[in-house]
Protein chains: 2
Amino acid sequence: LEAVSPGREVLEVLCSRGVVRRYAAEKVDETCIGRMLDAAVAAPTAANKQAWAFVVVRSERRIRLLQAFAPGVLTVPPVLVVACFDRSRAIRNTEGGWDEGLLCVGMAVENLLLAAHALGLGGCPVGSFRGQALSRILALPEHVEPLLLVPFGWPVDPVKSPVRRSRSEVVHDESWGTADGARERVG
Amino acid sequence: LEAVSPGREVLEVLCSRGVVRRYAAEKVDETCIGRMLDAAVAAPTAANKQAWAFVVVRSERRIRLLQAFAPGVLTVPPVLVVACFDRSRAIRNTEGGWDEGLLCVGMAVENLLLAAHALGLGGCPVGSFRGQALSRILALPEHVEPLLLVPFGWPVDPVKSPVRRSRSEVVHDESWGTADGARERVG
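In this report, we go over the structure that sits alongside the text. These numbers were taken from a predicted model, which means no experiment stands behind them.

Calculation rules
- Residues numbered from 1 in each chain as written.
- Chains lettered and ligands numbered in written order.
- Predicted model: local features only at pLDDT ≥ 70, side-chain atom pairs only at ≥ 80, totals over all residues.
- Heavy atoms only, no water.
- Least-squares fit on C-alpha atoms with pLDDT ≥ 70 in both.
- Contact = heavy atoms within 4.5 Å.
- Axes fitted to C-alpha atoms, helices over the stretch in contact; angles between N-to-C directions.
- Helix = DSSP H or I, 4+ residues; strand = E, 2+ residues; numbered from the N terminus.
- Parallel < 35°, antiparallel > 145°, perpendicular 65-115°, else oblique.
- Left-handed = near helix turned anticlockwise from the far one by under 90°.
- Salt bridge = Lys/Arg side-chain N within 4 Å of Asp/Glu carboxyl O.
- Buried < 20%, exposed > 50% of the residue type's maximum accessible area, 1.4 Å probe, protein only.
- Polar contact = N/O pair within 3.5 Å; in protein donor to acceptor, adjacent residues only side chain to side chain.
- Nonpolar A, V, L, I, M, F, W, Y, C, P; charged D, E, K, R; others polar.
- Pairing = 2+ DSSP bridges.
- Arc of directions from axis to C-beta.

**Here we look at the relation of the copies chain B and chain A**
Mapping chain B onto chain A leaves a residual RMSD of 0.0 Å; the transformation is a rotation of 180° accompanied by 0.0 Å of translation along its axis. On the angle and the small slide along the axis, the relation comes out as a two-fold axis. Of all interface residues in chain B, 100% are interface residues in chain A too; the two copies therefore contact each other through one and the same surface.

Put into structure tokens, the structure is as follows:
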């Protein structure tokens, strides 16, 4: 028997998640959706502001309507989560500008995607959409800004792990431009 | 024997990660650091730009130097990862402004934190620091912007799962203001 090291399943799931854009017609049951949302809100949140909000869309009619304004949503998924930034909970008081809370919405979406992947589901974060149209369709208040659309479903095709630049290109040791120490030392 | 449902360990790790700000003096071995970085770069990345860069700082002298400009880093960790946004790989061509690639750096940091938690390590994303001072200390080129500091180490105290607003406050069904369907239907 192979020794099971702690966290092995988690590390595998973190590294094997891939983009899923085509979904089977099957519904996603509410237990799965609930687990994904629980994972999403467990993400880190700057100053505990929890400056996020999620709209879960299951109605095919409404999903098709949203899709008309979101070229990044290629096929109709059984579920579409609209991840929003709640500016009334921003850390800085800048209108429309950069805020740390935005990063936390990104982290929450990553948790959503990882929970989905762990459950055998697949999804894909989509940033190309017409925000004003979406806000109108979803009746979002002015302080709530749609940030990412996340279509979900049971994958039709095998999930491919992401291909990335070599780690030595993106990881620096002690300061910029030095070799990737970790990789060297691990061998 | 309890039935093991797929992904259970992953869902537990996603929901039990908490902020760790005090670290034991023990070093973090390079295998762990390597696994964490592998997980980080497996995060989603808009348009496959991989607009991220990481500086891994292990030298105590340098960590103390960085800490002097980062009030959010409360104690000296054995490792500090500086997660940066590489503007030369931004999707939009806006100087200093908002870019989808920023969200991907957030997602990569969440993967880093989750991998750490899975390995028994703990960390905490820190956004309050003086970016210019950090850039000088780390010799970052102009297009590379430090976004989050992530100190890591072996936790001294038990890790507390995050406490969050009730899901019905942040999750909406079909459109804004409606009840949280998933929770209702699961019961």
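Now that the structure has been shown, we can carry on.
**Regarding the packing of helix α1 (residues 8-16) of chain B against helix α4 (residues 100-118) of chain B**
Helix-helix packing is characterised by the crossing angle of the two axes and by the distance between the axes. Residue and element names in this part refer to chain B. Taken N-terminus to C-terminus, the directions of α1 and α4 make an angle of 110°; their axes are 10 Å apart at the nearest point. As the angle between them shows, α1 and α4 are arranged roughly perpendicular. For the element pair α1 and α4, the recorded crossing hand is right-handed. Each of Val13, Leu14 and Ser16 in α1 lies in contact with α4, whose residues at this interface are Leu114, His117 and Ala118.

**Focus: the pattern of salt bridges**
Any two side chains of opposite charge can pair, so long as their charged atoms come close to each other. According to the stated counting rule, one finds 18 salt bridges over all chains in the structure shown. Glu30(A) is the partner of Arg58(A) in a salt bridge, and the nearest nitrogen-oxygen pair spans 2.9 Å. Placement of the pair is Arg58(A) in the loop between β1 (52-57) and α3 (60-67) and Glu30(A) in helix α2 (residues 30-41), with a sequence separation of 28 residues. Here Arg58(A) matches Glu30(A) in class, with each residue buried. Salt-bridge contacts for Glu100(B) lead to Arg92(B); the nearest nitrogen and oxygen are separated by 4.0 Å. Take Glu100(B): its relative accessible area is 14%, and that puts it in the buried class. By relative accessible area, which is 38% here, Arg92(B) ends up partly exposed. Counted as one network, the salt bridges with shared partners bring together Glu30(A), Arg58(A) and Asp173(B).

**Remarks on the interface of chain B and chain A**
Facing the 77 residues of chain B at the interface are 77 residues of chain A. Remark: the boundary between chain B and chain A carries six salt bridges. In this structure, Arg62(A) engages Glu174(B) in a salt bridge whose closest nitrogen and oxygen atoms are separated by 3.7 Å. At the surface where chain B touches chain A, the tally comes to 33 residue pairs in polar contact (both at pLDDT 80 or more). For the side of chain B that touches chain A, the element with the highest residue contribution is α4(B), accounting for twelve residues. Broken down by class, the residue content of the side of chain B that touches chain A amounts to 44 nonpolar, 13 polar and 20 charged. As paired strands, strand β5 (residues 171-173) of chain A and strand β1 (residues 52-57) of chain B are joined by three bridges and run parallel to one another. Paired with His172(A) across the strands is Val55(B), a residue of β1(B).

**Things to note about helix α3 (residues 60-67) of chain B**
Residues and elements named next belong to chain B. All of the buried residues along α3 are Arg62, Ile63, Leu66 and Gln67. All buried residues of α3 fall inside an arc of 140° around its axis, so they share one side. Packing partners of the buried residues in α3 comprise β1, β2 (79-86) and α5 (131-138).

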